[in-house]
Amino acid sequence: MDTSESLLIGNLTIEQKNILSALVEQFERYNKFTQAMDMDPASDTEETLELMKEFKRTKASE
């Protein structure tokens, strides 16, 4: 089953496309983390944002 989806981003700048790409990557990493921890990825928006910030800090230190 194909679960991929697409967005029309032709009218965005390269910088905006890069931001969206980075955001999608962070969501994917977060979802993998929550699945590994047996958590609901949509459980808490504030918690999601905090974990994404932590992922960003971790990625920057790699």
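> Talk me through the overall build of the protein chain; I want residue IDs and the actual numbers.
From N to C terminus, the protein chain includes two helices and zero strands. Classification of the 62 residues of the protein chain by burial places 10% in the buried group. Split by element, the accessible area of the protein chain, about 5,500 Å² in all, is 55% carbon and sulfur.

> Give a detailed account of helix α1 (residues 14-36), specifying residues and quantitative values.
Spanning 23 residues, α1 covers 33 Å between terminal C-alpha atoms, matching the ideal 33 Å at 1.5 Å per step. For α1, the set of buried residues is Q26, Y30 and T34.

> Run through a nonpolar patch on the surface, naming residues and quoting values.
Nonpolar side chains collect at one region of the surface, where L7, I9, L12, L20, L23 and F27 lie side by side and expose about 490 Å² of accessible area between them. Checked against the element boundaries, L12 lands in the segment before α1.

> Now, about the side chain of Q26: what can you tell me, with residues and values included?
You can see Q26 is positioned in helix α1. Those residues in contact with Q26 that sit more than four places away from it in its chain are M52, F55, K56 and K59.

Rules behind the numbers
Residues numbered from 1 in each chain as written. Predicted model: local features only at pLDDT ≥ 70, side-chain atom pairs only at ≥ 80, totals over all residues. Heavy atoms only, no water. Helix = DSSP H or I, 4+ residues; strand = E, 2+ residues; numbered from the N terminus. Buried < 20%, exposed > 50% of the residue type's maximum accessible area, 1.4 Å probe, protein only. Areas by Shrake-Rupley, 256 points an atom, 1.4 Å probe, with all protein chains shown as cover. Expected span 1.5 Å × (residues − 1). Patch = residues over 30% accessible without salt bridge, like charges linked within 9 Å, V, L, I, M, F, W, Y side chains within 5 Å. Salt bridge = Lys/Arg side-chain N within 4 Å of Asp/Glu carboxyl O. Contact = heavy atoms within 4.5 Å.

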